[in-house]
Amino acid sequence: MERQRERGFKLTPQRLAILEYLDGNRDHPAAEDIYHNVKKSFPTMSLATVYNTLEALKRRGEVVELTIDPERRHYDPNTEPHHHLICLRCKKIVDVHKEFRINIPPAQRQGFRITGNHIEFYGVCPECTRKGGVEMAVFKCESCGATKEGRCKPKKCPKCGETGTMSKQG
Ligand code: ZN
Ligand code: MN
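Reading guide: rules and limits
- Residues numbered from 1 in each chain as written.
- Chains lettered and ligands numbered in written order.
- Predicted model: local features only at pLDDT ≥ 70, side-chain atom pairs only at ≥ 80, totals over all residues.
- Heavy atoms only, no water.
- Donors = N, O, S within 2.8 Å, 3.2 Å for Na, K, Ca; no water.
- Tetrahedral: all angles 85-135°; square planar, octahedral: opposite > 155°, others 65-115°.
- Helix = DSSP H or I, 4+ residues; strand = E, 2+ residues; numbered from the N terminus.
- Buried < 20%, exposed > 50% of the residue type's maximum accessible area, 1.4 Å probe, protein only.
- Salt bridge = Lys/Arg side-chain N within 4 Å of Asp/Glu carboxyl O.
- Core = buried A, V, L, I, M, F, W, Y, C linked by side-chain atoms within 4.5 Å.
- Contact = heavy atoms within 4.5 Å.
- pLDDT = per-residue confidence, 0-100.
- Domains from an automatic or database assignment.
- Buried area = accessible area lost by both parts, 1.4 Å probe.
- Pairing = 2+ DSSP bridges.
- Axes fitted to C-alpha atoms, helices over the stretch in contact; angles between N-to-C directions.

**Regarding the coordination of the zinc ion (ligand 1)**
Here is step 1: Here the zinc ion (ligand 1) is held by Cys87 (SG), Cys90 (SG), Cys125 (SG) and Cys128 (SG), and the distances to it run 2.2 to 2.3 Å.
Here is step 2: In this structure, the zinc ion (ligand 1) is surrounded by four donor atoms whose angles at the metal cover 103 to 115°, and the resulting shape is tetrahedral.
Here is step 3: Spacing between the donor residues of the zinc ion (ligand 1) along the chain follows C-x2-C-x34-C-x2-C. With Cys87 in strand S3 (residues 83-87) and Cys128 in helix H4 (residues 126-132), this pair connects stretches of sequence that are 41 residues apart.

**What about the coordination of the manganese ion (ligand 2)?**
Here is step 1: Coordination sphere of the manganese ion (ligand 2), protein contribution only: His28 (NE2), Asp76 (OD), His82 (NE2), His84 (NE2) and Asp95 (OD), at 2.0 to 2.3 Å.
Here is step 2: Sequence positions of the residues that donate to the manganese ion (ligand 2) give the spacing H-x47-D-x5-H-x1-H-x10-D. As far as burial versus exposure is concerned, Asp76 and His84 are alike and both buried.

**Remarks on the pattern of salt bridges**
Here is step 1: Tallied over the full model, the rule gives nine salt bridges.
Here is step 2: Close ionic contact of Glu55 with Lys58 constitutes a salt bridge, the shortest N to O distance being 3.4 Å. You can see Glu55 and its partner Lys58 sitting in helix H3 (residues 47-59), three residues apart, about one turn around the helix.
Here is step 3: Residue Glu55 is classed as partly exposed on the basis of its relative accessible area of 33%.
Here is step 4: Judged by relative accessible area, Lys58 falls into the partly exposed class, the value being 28%.
Here is step 5: Of the charged contacts in the structure, one is a salt bridge between Glu65 and Arg73, with a shortest N-O distance of 3.8 Å.

**Quick word on the nonpolar core**
Here is step 1: Core analysis: the largest hydrophobic core is formed by 17 residues, its most contacted members being Leu22, Ile34, Met45, Val50 and Leu54.
Here is step 2: For this core, the secondary structure elements donating two or more residues are helix H1 (13-22), helix H2 (31-41) and H3.
Here is step 3: When residues no more than four places from it in sequence are discounted, the contact partners of Met45 are Gln14, Ala17, Ile18, Tyr35, Val38, Lys39 and Val50.
Here is step 4: The next biggest cluster of nonpolar side chains, apart from the first, holds six residues, and it includes Ala137, Phe139, Ala146 and Cys157.

**Comments concerning the confidence of the model for the protein**
Here is step 1: The predicted model of the protein averages 89 in pLDDT, with 92% of residues at 70 or higher.
Here is step 2: Element-level mean pLDDT values for the protein span from 84 in strand S7 (residues 147-150) up to 98 in strand S2 (residues 74-76).

**A look at the domain arrangement of the protein**
Here is step 1: For the protein, the domain assignment lists domain 1 (1-79), domain 2 (80-124) and domain 3 (136-170).
Here is step 2: Between the C-alpha centres of domain 1 and domain 2 there is a distance of 23 Å.
Here is step 3: Contacts between domain 1 and domain 2 engage eleven residues on the former and 15 residues on the latter.
Here is step 4: Counting the surface lost from both domain 1 and domain 2, the interface buries some 1000 Å², and carbon and sulfur atoms represent 54% of this.

**Some thoughts on the sheet that holds S7**
Here is step 1: With respect to topology, three strands assemble into an open sheet ordered S7-S6-S8, the strand pairing being antiparallel. The sheet is open, and its two edges are formed by S7 and strand S8 (166-168), each paired on a single side. Within the sheet, the average angular offset between the axes of one strand and its neighbour, ignoring direction, is 35°.
Here is step 2: Relative to S7, strand S6 (residues 137-141) runs antiparallel, the two being bridged by four bridges. Looking across to S7, one finds that Ala137 is bridged to Gly150.

Right, here's the structure in full:
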């Protein structure tokens, strides 16, 4: 955390407490989560300090802001390239450490030189699946290969429209 002492970023005790909370944190906390946790040991902490510290860290490339949750921005101190998976029910975000060989065909790149990507996966975590009591299944069309997630088997394929071709995966 020595790098924090560079110009333009005063390492106040409040900011240090935020940095310590974020260091090695794998939970992708939102600003409010950081505020509530740091406030426990630092009662003078304000939400504004959390916000402007996050903003400074983001500018310096020390944290990555995640927009995977449409309701709140989350922050990741792990700035190594990786992807994320969010539970749509409890909004838990987990890391996906795998490289995906996806590419934009040259005709669609609009002159850009592509330097990276970030893939957001959506789903329901095991805890929420258990709590919900209903297991979601994936059904695949034997005819066109399309897949559909749902609680019961679709009568016809949502893609090719054929009936009786959907079968449960796994
Ligand atoms: Zn969940
Ligand atoms: Mn992450």
